[in-house]
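Results of the structural survey
This is what each chain is made of:
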Amino acid sequence: AQTVAVFDPVPVVVETTTSLSVPGTAVTGTAVDLTATVAPNNAVGTVQFKSNGAAIGTPVTVAGGVATLSHAFDAAGAQSVTADFTAGAGFVSSSASAQ
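Computed from a prediction, not measured in an experiment: that's the story for all the values here.

Right, let's talk about the pattern of salt bridges for a bit. Summed over the entire model, instances satisfying the criterion amount to one salt bridge. In this structure, Lys 50 engages Asp 84 in a salt bridge whose closest nitrogen and oxygen atoms are separated by 3.1 Å. Of the two residues, Lys 50 sits in strand β3 (residues 45-51) while Asp 84 sits in strand β6 (residues 81-87), which places them 34 residues apart along the sequence. Residue Lys 50 is classed as partly exposed on the basis of its relative accessible area of 25%.

As structure tokens, this is what we get:
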């Protein structure tokens, strides 16, 4: 008889980066596209967009490294928009800087 040591494979976890693209101006009540780009572009997960720290809508699924949300702001004034990528298996979550 021989002893065999069996180990589970170490999962590969890939770091991600998230960037955000928002228009410089918007008109209240008129929808604009908020776009988050996640690298690498095969990363799986969702993006939660936020305005002044409050969630905007529901999380958007990343497809081909991109998540886009069409959103109409309901109040005038400066808005600090962010995007948080929540990674699926094999990837690490990341966040975009505020725009």
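This brings us to the layout of surface pockets. Volume-wise, the largest pocket comes out at about 240 Å³. The wall of the largest pocket is formed by 16 residues, among which Thr 25, Ala 26, Phe 73, Gly 77 and Gln 79 lie closest to the centre. The residue inventory of the lining of the largest pocket, partitioned by class, reads 10 nonpolar, six polar and no charged.

Below, the discussion takes up the sheet that holds strand β2 (residues 32-39). In spatial order, the strands read β1-β2-β5; together these three strands make up an open sheet with antiparallel pairing. A strand with exactly one partner marks an edge of an open sheet, and here the two such strands are β1 (17-21) and β5 (66-71). Averaged over all pairs of adjacent strands, the angle between their axes in this sheet comes to 15 degrees, without regard to strand direction. Bridge count for β1 against β2 is five bridges, and the pairing is antiparallel.

Rules used in this analysis
Position numbers for residues start from 1 in each chain and track the written sequence from start to end. Owing to the predicted nature of the model, reporting of local features is limited to residues with pLDDT of at least 70; listing and counting of side-chain atom pairs is limited to 80 or more, with chain, interface and lining totals taken over all residues. Each side-chain value is derived from all of the structure's non-hydrogen atoms; neither hydrogens nor water enter the calculation. Salt bridges are defined by distance alone: a side-chain nitrogen of Lys or Arg within 4 Å of a carboxyl oxygen of Asp or Glu. Starting at the N terminus, helices and strands are each numbered in turn, a helix being any DSSP run of H or I of at least four residues and a strand any DSSP run of E of at least two. When a residue's accessible area, from a 1.4 Å probe over protein chains only, is under 20% of the maximum for its type it is buried; when over 50% it is exposed; and in between it is partly exposed. Here a cavity means grid points, on a 1 Å grid over the protein atoms only, where a 1.4 Å probe fits yet cannot get out; a pocket means an open set of points with protein on both sides within 12 Å along at least five of seven lines; lining residues are those with an atom within 4 Å of a point. Grid points are joined across faces, edges and corners, and a volume is the space filled by probe spheres set on the points. Gly is put with the polar residues, along with every residue not named as nonpolar or charged; the nonpolar set is Ala, Val, Leu, Ile, Met, Phe, Trp, Tyr, Cys and Pro, and the charged set is Asp, Glu, Lys and Arg. Only strands that DSSP links by at least two bridges are regarded as paired with each other. Axes here mean lines fitted to C-alpha atoms, for a helix over just the part in contact, with angles spanning 0 to 180 degrees between N-to-C directions.

The quantities given are spatial measurements derived from coordinates; they are silent on function.
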